[in-house]
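Each chain, letter by letter, is given below.
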Amino acid sequence: MADQQKKIHPVHEEDVEAQRSPPPTLPFLPKDSSRSDHDKVPQRIFPVHHSKPPKKRSTRSCLCKCFCWTLSLVLILIIVIAITLGILYLAFQPKLPKYSVDRMQITQFNLTNDSNLQATFNVSITAINPNKRIGIYYQGGSHISVWYTDTKLCEGSIPKFYQGHQNTTLLNLPLTGQTQNATALSNSVQQQMQQTGNVPLNLRVDQPVRVKLGQLKLMEVNFLVRCRLVVDSLSADNAIRIQDSSCKFRFKL
């Protein structure tokens, strides 16, 4: 009975857990791999992250930047010009020239046998330069004309000269012209004189000049003078009286 009894050994919990847990498995390797490959420690494989290609600049953003730079440069240029003009204005205190038509004499104003109107005027114009530090060079290529409504009666030019500081110059200018088929024009002038006792005329002056600031000569510009005249008659060899006169002046680049 004693022989049939088996010895009972205490069972530890560690042994039970070891029996329950499955044996460690080796990583799968191909059949052709050598034993040394089994001995190697498997390396961890990290996923490869591909960097995103740089974004291309859009055409719209480039155009916006170019526009902003251009606008900034234009604004800076305008500011510089404004400051320069302000300094020149304070230094020279420019004033516009003044013009007036003082006298008009008609030596010829009659119809020829072929209905052409011959007109010869002598016009006296006073040009005033009121500036203390600015001179005016009157260049060649000027044009002066006298008009009745939309018809040019006569024309001429102003001679070249220099007008100094605060100078007043009297110009005596001969103007001549011929209008073809002027029978209706002559009748209109006579009818105007009978109804109103006067004749409205327009005097136009286009004069290229160069302005002198101190010792500096500026670029050539044009003076445009427009005078509205009212005379008592257009009869030849008579003293023509100017009843009303007003002149406007402006620059033309």
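Residues numbered from 1 in each chain as written. Predicted model: local features only at pLDDT ≥ 70, side-chain atom pairs only at ≥ 80, totals over all residues. Heavy atoms only, no water.

**Q** So what's going on with the pairing of strand S9 (residues 216-231)? Which residues, and what values?
**A** Bridge analysis of strand S8 (residues 199-213) against S9 gives 14 bridges, and the strand direction is antiparallel. Among the inter-strand pairings, Arg210 is bridged to a residue of S9, identified as Glu220. Counting the residues in the hairpin turn of S8 and S9 gives two residues, including Gly214, whose phi is positive at 65°. Where S9 and strand S11 (residues 242-252) come together, ten bridges link them in antiparallel fashion. Across the sheet, Arg228 pairs through a bridge with Ser246, a residue of S11. (Pairing = 2+ DSSP bridges. Helix = DSSP H or I, 4+ residues; strand = E, 2+ residues; numbered from the N terminus.)

**Q** An account of the nonpolar core is needed here, citing residue identities and associated values.
**A** Counting 41 residues, the largest nonpolar core has Phe109, Phe121, Leu153, Leu201, Leu203 and Leu234 as the members making the most contacts within it. Sequence-distant contacts of Leu153, defined by excluding residues within four places in its chain, comprise Phe109, Leu117, Ala119, Phe121, Val146, Trp147, Tyr148, Gly177, Gln178, Thr179, Leu185 and Leu201. (Core = buried A, V, L, I, M, F, W, Y, C linked by side-chain atoms within 4.5 Å. Buried < 20%, exposed > 50% of the residue type's maximum accessible area, 1.4 Å probe, protein only. Contact = heavy atoms within 4.5 Å.)

**Q** Quick rundown of the packing of aromatic side chains? Include the residues and the values.
**A** In total, this model carries eight aromatic pairs according to the counting rule given. Ring plane angle 40° and centroid distance 6.4 Å describe the contact between Phe109 and Phe121, whose orientation is recorded as tilted. Here Phe109, found in strand S1 (residues 98-111), pairs with Phe121, found in strand S2 (residues 117-129); they are twelve residues apart in sequence, far enough to count as distant. The exposure class of Phe121 is buried, given its relative accessible area of 0%. Residues Phe223 and Phe249 carry aromatic rings whose centres are separated by 4.6 Å and whose planes lie at 80° to one another, so their mutual orientation is edge-to-face. In this pair, Phe223 is assigned in strand S9 and Phe249 in strand S11, connecting sequence segments 26 residues apart. Each residue in the set Tyr99, Tyr138, Phe161, Phe223, Phe249 and Phe251 is aromatic and connected to the rest through ring pairs, giving one cluster. Just above the ring of Trp147 sits the side chain of Arg204; from NZ or CZ to the centre is 4.3 Å. We note Lys217 situated over the ring of Tyr137; from NZ or CZ to the ring centre the distance is 4.3 Å. (Phe/Tyr/Trp six-rings, centres within 6.5 Å; stacked < 30°, edge-to-face > 60°. Lys NZ or Arg CZ within 6 Å of the ring centre and 35° of its normal.)

**Q** How would you summarise the state of the cysteines if you had to cite specific residues and measurements?
**A** Inspection of every chain in the model, using the stated rule, returns one disulfide. Each sulfur of the disulfide joining Cys227 and Cys247 lies 2.0 Å from the other. Because the sign of the S-S torsion sets the handedness, a value of about 110° for the bond joining Cys227 and Cys247 places this disulfide among the right-handed ones. Here Cys227 is found in strand S9, whereas its partner Cys247 is found in strand S11, with 20 residues between them in sequence. Just so you know, Cys62 is unpaired, no disulfide at all, and the nearest cysteine sulfur is the one on Cys66, 6.7 Å from it. (Disulfide = S-S within 2.5 Å.)

**Q** Which residues make up the environment of Asn222, and what are the values?
**A** Its location among the elements puts Asn222 in strand S9. Separated by 14 residues in the primary sequence, Asn222 and Pro208 have C-alpha atoms spaced 4.2 Å apart. For Asn222, the residues in contact, after removing those within four places along its chain, are Gln207, Pro208, Arg250, Phe251 and Lys252.

**Q** Can you lay out helix H4 (residues 183-196) for me, pointing to particular residues and giving the numbers?
**A** For H4, which comprises 14 residues, the first-to-last C-alpha distance of 20 Å matches the rise-based estimate of 20 Å (1.5 Å per residue) to within 8%. On the buried face of H4, the contacting elements are S1, S2, strand S4 (143-148), strand S5 (151-156), strand S7 (167-179) and S8. Directly beyond the C-terminal end of H4, a positive phi value near 80° is found at Gly197. (Expected span 1.5 Å × (residues − 1).)

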